[in-house]
Amino acid sequence: MQSNKLGWLFLAPTILVLFLFGVLPFIYVLWVSFHQWNPFAANPNMIFNWADNYRAVVFDAQFLASLGATVAFVFFAVVTEVIIGYFLAQAFMGDFPGKAFFRTIHTLPLIVAPIIVGSVWKLMTTPSIGIIPHLLDNWFGLNLNIGTSALAAFTVTVVMDVWHWTPLVTLTLIAALVSLPADPFEQAQIDGAGPRQIFWHITLPMIAPALVATVFIRLMDALRTVDEVLMLTGGGPGSATRYVGVHIFKEVFPRTNYGYGSAISVIVLYLTIVVCWMLYTGLLAPRKGKEG
Amino acid sequence: MTFTRTISASALALSVAASAAFAQDLTIENEDWWKEAGAQFSGVTLRGVTESTPPSNFISDVLAPKFEELTGIRVDVETTSWDQMYDKAIKDMEAGTGIYDMVYIEQDIIYAYLSRDFLVDVTAALAEKPELKAPNYDEANLTTFADNFRGENGNLYGIPMEAFIKVYLYRTDLFNDPEIQAAYKEKTGADLKPATTHEEYTQIADFFTEYMQGKGEDIWGTTAQAHTGHPASWYEFFESVAPTFGVYNWGIDAANNYSASVENGGTMNSAEAKEALAWWLHLRDIAPPESVQSTWTEVGTTFAAGRAAQGLVYGENAAWIAADDTKSKVVGNVGVALPPVAEGVMAAAEAGEGYIGYYDGGAFGLPVTSKQQDASLLFLQFMALPEVQEEWAVAAPRITLTSTYDSPKVAELDAELGGYYSMLRDQGKLFKGAPEYPFHAQVREATAPIFYQILTGAVGPDEGLDQMAAKAEEELTTLGYRK
Amino acid sequence: MRKKSPWIYVPFWIVISFLTLFPIYWLFVISVKPAVDLFTTPDILLTSFYWDNYTEVLNDRLLRSYMVNSLIISSGNAVLCTTLGFFACYALSRFNMSGKESIFFWTITNRMAPPAVFLLPLFLLMTQVYRFGDFTLLDTRIGMILVYCTFNLPFAIWTLRPTVDGIPRELDEAAYVDGASPWKVITEVVFPLCRPGLAVTLILTWVFAWNEYLLAATLTNFNARTLTTGLSEYVTTTGTEWGIMAAISIFTLIPALIVFGMVQKHIVAGLTFGAVKG
């Protein structure tokens, strides 16, 4: 075995870059979060106020509502994306005419910038002039109004996210599936295992690391969503789609509430880490133990 | 693919290509003075940040090249979106980085900047360095709108570059249609003409929505800037609707310890404010369905698409709606009037004790953190030269110097715009910009979520205004303005 | 494995493609209409074309420099992150350093940060701390390439780790026994076997950098502005120029498609590799 020094050498650039552009800014945010600081307050300076911001966050009904909406959004979006993404990736494993063409088409949503995605979906869903409410009304007599109905706006944000990011799940799962060795599958078929058994006992355990990594990425990206939703609904109607990313944006950008916004960010970051850590240890670590 | 290009007959072709053509038409007086003044700054590059609006585009496409040609000073203007612009300018000035030598200041943010001493006192700076004072530049030429950019000492902290009023637009083709007039007379007993009171406005709006929908046409009686998640709706209510009911300055009384609620002496939840909100919410209900997703852009486009018979529209949009046939379907059919008001409000506005609508605009200011303040002073004066104003007013419907009203091209345009410029000149004093608050965005963002809930019906309008008044006071206390 | 006719997949893919393409088709529809024509009862088919939005975009020389910046920043960042990520994954996979799993988890926490509030410290660091004489990282392409590492490098590490872990160690060890240097093992044994994972990582990091908006909007001014910030120029208090935004977006699809086409081949290459290995 090679010496660990070489390993550290390979890791060093990564650690350095992430320290300079990730950790140091975080330390600054943490520091600001213990201050009352709004540059347009009567006193524009930073005033150390211990944990007052954190105390306020816990009782901030608006923040809690925003967090609740975010959890629902992330849950529905990510679950849908993973299920659809997996089936599409499986479907791409077979051979069929025009496969490369269809795969290219399927990846197109990824290259549309989020602010454009938000704009297009806004124009597609605006009441009376958008194509989607128009068709839903013509075909099914449904009235979709994202300007007044919280449920409609919520659904559209989820559908938009699924449209935009399912290809990411598909792509990473294709990469995982193509590198699977063929032997266990052949062996299982010889042993007479059905497709369901193969999925649960062979495919899923083998792609679990890639799957978990993908779920993580989607989970944390969905939690941070800002541009798309801001363009689509502005966080409305009311506060229905004011997800934490949007909420923080509105606190620190227009409202310049730097101190409080930092505290919210730290809490959101903390919660994200905890959730991901639980998922990580719960889903991956026991399996690793079993193998090792 | 064939690229066809419709060239607008109107003078309002706002495209880059079109406005670049104006550069040759600009003749600057005292060219020698500019050459001499610029000599000491040769090789300097000034950097500004602004929004990508037609007046700003004129600066970067026409004024900057001309200025560089004369003085050798290069001007780079960064254009960005509405919310990004403030954030970038504030970060730069707050951190003292000195990236920008000029920042765009919308009228509503100037008081925040002044409270932080972000800006250079232009009047004082020019008095101190007479050698930099351009011969044709004179503060006295500026319209009264410039007063919005004066500090407590009366000195100018920003050179105005755009100014608009939010006007009442109506469709002359519909209002003058004999058949419609007869139907209106039959239904209401009144003659169809632009409203002067809220009751008349509602009556006309109700009539048109019912009449046009009955005929299966996509025309509604009024516009409404009623987005349920964007501050545009908050602005329409507090800056355009509430004042016409006599509720001024967002209902916050600065002289009385920044009180907002009635019980503390404010008017944000007064009977008049509640009446105003009820009136406006009714209009929202009979406006085109897209109104619940409409910011200023969509309201303008809704009107331009011919989907509303009347409405309150920002002046910068009024111009292209009325005259640019590449963008609007109602060219030649747009009338301009003063917004309808409650009894006594007009008299109060004429006496200078109130206002009937929103006066909007912006200026260029010079950050104290700029490293090229002297060269910037030159460019700021260049923007306010009388000889560049006429072409500028044609390229973008804005007027900041009194003399510009009399120029022939502007007079021609005035007729095309249904008398918009005359109204700006003669009745501009009845309108007012945002109140003099350094906490503009803070109070807006604190109260807006409640306002959106009112719009969705989650909170009743009256309770909603009560909650907003309480929230505004809470925010002002947190910020330290309210004791 | 399955004996069904390959053609049965085609109708399914046509339906999926239709759903996937519809919003992009609508983007095109928006780009060839004047704004005022969008405000009417919508028609699913295009009946007329209005090219002014495209002439405007073609005439805008600033957009061309934004395009160049975007290409350089996203390609530079994708290559940097994929390379650093690959080496980091090799270290995490093949060495027994203490605390390596914690480091692995720590890397991903850098991607979790809500971006809005981190803009101020990044702005301050790039203007006042990371400076060399008059040179600051603000508004430079290299600065953006480095800043984008905060979300792309963790992503690269997390998507590559399963791939690198999946390459049997026996292969490395056999090479070492034959006297190969670590460098040779990595570049000639492990790297070729990781191609599908590397291709996907490269594509996706490229996409994330290409689409990023908030950081670029704050941390670039004149020299390193990217296409997404160029798009936001059309969102103003006066109006949002939907048509021009859409026209630019249609343009931006072209370089993105080319990059995709170049990299996707390697996923296909990976497919054959999987078959051979089996």
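Residues numbered from 1 in each chain as written. Chains lettered and ligands numbered in written order. Predicted model: local features only at pLDDT ≥ 70, side-chain atom pairs only at ≥ 80, totals over all residues.

A. Spatial organisation of the UniProt feature "transmembrane region" (unreviewed entry) in chain A. Residues and elements named next belong to chain A. Those places that UniProt annotates as "transmembrane region" (unreviewed entry) correspond, in this numbering, to residues 7–31, 63–88, 100–124, 144–177, 198–220 and 258–280. Counting secondary structure, residues 7–31 comes out at 100% helix and 0% strand; the distance between its end C-alpha atoms is 33 Å. Here residues 144–177 is 82% helix and 0% strand, with 39 Å between the C-alpha atoms at its ends. (UniProt positions renumbered as here; feature names shortened; annotations may be inferred. Helix = DSSP H or I, 4+ residues; strand = E, 2+ residues; numbered from the N terminus.)

B. Highlighting the pairing of strand β8 (residues 357–365) of chain B. All names here are of chain B. Counted residue by residue, β8 has 9 buried out of 9 residues, so it is predominantly covered. With 4 bridges joining them, strand β3 (residues 102–106) and β8 adopt antiparallel strand pairing. Within the sheet, the bridge partner assigned to valine 103 lies in β8 and is glycine 365. Note: strand β4 (residues 159–165) against β8, 6 bridges, orientation antiparallel. When the sheet's bridge partners are listed, phenylalanine 164 is paired in β8 with aspartate 360. Note that β8 and strand β9 (residues 431–432) share 2 bridges and pair parallel. Residue glycine 357 lies in a different strand from β9, and its bridge partner there is phenylalanine 431. (Buried ≥ 20, exposed ≤ 12 C-beta atoms within 10 Å, placed from the backbone. Pairing = 2+ DSSP bridges.)

C. Fine view of the interface of chain C and chain A. Taken together, the contacts link 86 residues of chain C with 86 residues of chain A. Counted by class, the side of chain C that touches chain A contains 61 nonpolar, 21 polar and 4 charged residues. (Contact = placed C-beta atoms within 7 Å. Nonpolar A, V, L, I, M, F, W, Y, C, P; charged D, E, K, R; others polar.)

D. Inspection of the interface of chain A and chain B at higher detail. The interface is formed by 28 residues belonging to chain A together with 28 residues belonging to chain B. Here the side of chain A that touches chain B is built from residues that sort into 11 nonpolar, 15 polar and 2 charged.

E. Quick peek at the domain arrangement of chain C. Residue and element names in this part refer to chain C. When its domains are assigned, chain C resolves into domain 1 (1–50) and domain 2 (59–270). Counting residues per element, the ones that place at least two in the side of domain 1 that touches domain 2 are α1 (9–31) and α2 (35–38). When residues in the side of domain 1 that touches domain 2 are grouped by element, the largest group, 4 residues, is from α1. When grouped by side-chain class, the residues that make up the side of domain 1 that touches domain 2 number 6 nonpolar, 1 polar and 1 charged. (Domains from an automatic or database assignment.)

F. Geometry of the UniProt feature "transmembrane region" (unreviewed entry) in chain C. All names here are of chain C. What UniProt calls "transmembrane region" (unreviewed entry) maps, in this numbering, to residues 7–28, 71–92, 112–130, 142–160, 198–222 and 242–263. Between the end C-alpha atoms of residues 112–130 the distance is 23 Å, and the span holds 84% helix and 0% strand. As a span, residues 198–222 carries 80% helix and 0% strand, and end to end its C-alpha atoms are 33 Å apart.

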